[in-house]
Amino acid sequence: NDGARCADTLELMTKRGLHIDPRLYTVALSACARTRDLQAGERIVALLPTGSTTARSLILDNAIIDMYGKCGAVKQAREHFERLAVRDHFSYGALAAAYATAGMASEVVSLLESMQQEGIVVTEHVLSSALAACGRAGDLALGEKVATLYRDAGLNSVVVSTALIDMYGKCGAIEPARSVFDNMSKRNDVSYGAMVAAYSAAGLAREAVDLVEEIIRTGLSVTPYVLS
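On a predicted model such as this, the values are computed, not experimentally measured, just so you know.

Definitions and limits used
Residues numbered from 1 in each chain as written. Predicted model: local features only at pLDDT ≥ 70, side-chain atom pairs only at ≥ 80, totals over all residues. Heavy atoms only, no water. Salt bridge = Lys/Arg side-chain N within 4 Å of Asp/Glu carboxyl O. Helix = DSSP H or I, 4+ residues; strand = E, 2+ residues; numbered from the N terminus. Buried < 20%, exposed > 50% of the residue type's maximum accessible area, 1.4 Å probe, protein only. Axes fitted to C-alpha atoms, helices over the stretch in contact; angles between N-to-C directions. Parallel < 35°, antiparallel > 145°, perpendicular 65-115°, else oblique. Left-handed = near helix turned anticlockwise from the far one by under 90°. Contact = heavy atoms within 4.5 Å. Nonpolar A, V, L, I, M, F, W, Y, C, P; charged D, E, K, R; others polar.

Draft legend 1. Looking closely at the pattern of salt bridges. Applying the stated rule across the entire model yields 11 salt bridges. Note that K75 is salt-bridged to E79, the shortest N-O span being 2.7 Å. Of this pair, K75 and E79 both sit in helix α5 (residues 74-83), 4 residues apart, roughly one helical turn. The class for K75 is exposed, based on a relative accessible area of 57%. On the basis of relative accessible area, E79 is assigned to the partly exposed category, the value being 33%. For R78, the salt bridge identified is with E82, shortest N-O distance 2.8 Å. Taken together, the residues R78 and E82, both in helix α5 and 4 residues apart, mark about one turn of the helix. On the accessibility criterion, E82 (46% relative accessible area) is partly exposed. Through salt bridges with shared partners, a single ionic network connects D8, E11 and R43.

Right under this line is the structure:
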């Protein structure tokens, strides 16, 4: 696969003493993340110069966290994150996604709170990851914490609002889901789909059908996502 081939190439270049641009490591790690190839990813990490991570590009370090997270190696992702002398919102986002993928809702929310305390910009990506984890865990209390952080950040995002609807729906909180939906200044097929799914999960077939009819009236496409 692509990850293994990248690792093979970088090992050969290292063996021959060739200079490797840090960007090549980043591309190779991204290939490992894409193919979920932890073994190849660890081979690439082993080739990196030892010593302080401050001497390396933060982009590269973020790619390492992302690779570990997408390969399900949450412990390694967290350890690398903690070794960073400098972090940005991408660092936090990569770790948040790792936690969310692993279903570690409380850890994602704690990370969000740390971002806020340290003055790091809380992005749509991190908020959406946190809400997805809360929804999968069925943890409404944690989801409400994320909703509060979203409001405090002063964001107005279709992506996050849709993730909120999805979280509320999966937690069985239909009224808050509908409230978020009604207060959205813009909606797309994914927003409608999340609300339809919330109604369906609650056994509210009539409301779900009414909403599909509303989609048709507004001129939006009734996509497979909406009907799923």
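Draft legend 2. The packing of helix α2 (residues 22-35) against helix α4 (residues 58-70), seen in detail. It is the contact of α2 with α4, at a shortest axis distance of 9 Å, that shows an interaxial angle of 15°. Judged by the angle between their axes, α2 and α4 are roughly parallel. The crossing of α2 and α4 is left-handed. In contact with P22, Y25, T26, L29, C32 and A33 of α2, α4 contributes I59, L60, A63, I64, D66, M67 and K70. Each residue belonging to the contact of α2 with α4 can be placed in one class, and the counts come to 10 nonpolar, 1 polar and 2 charged.

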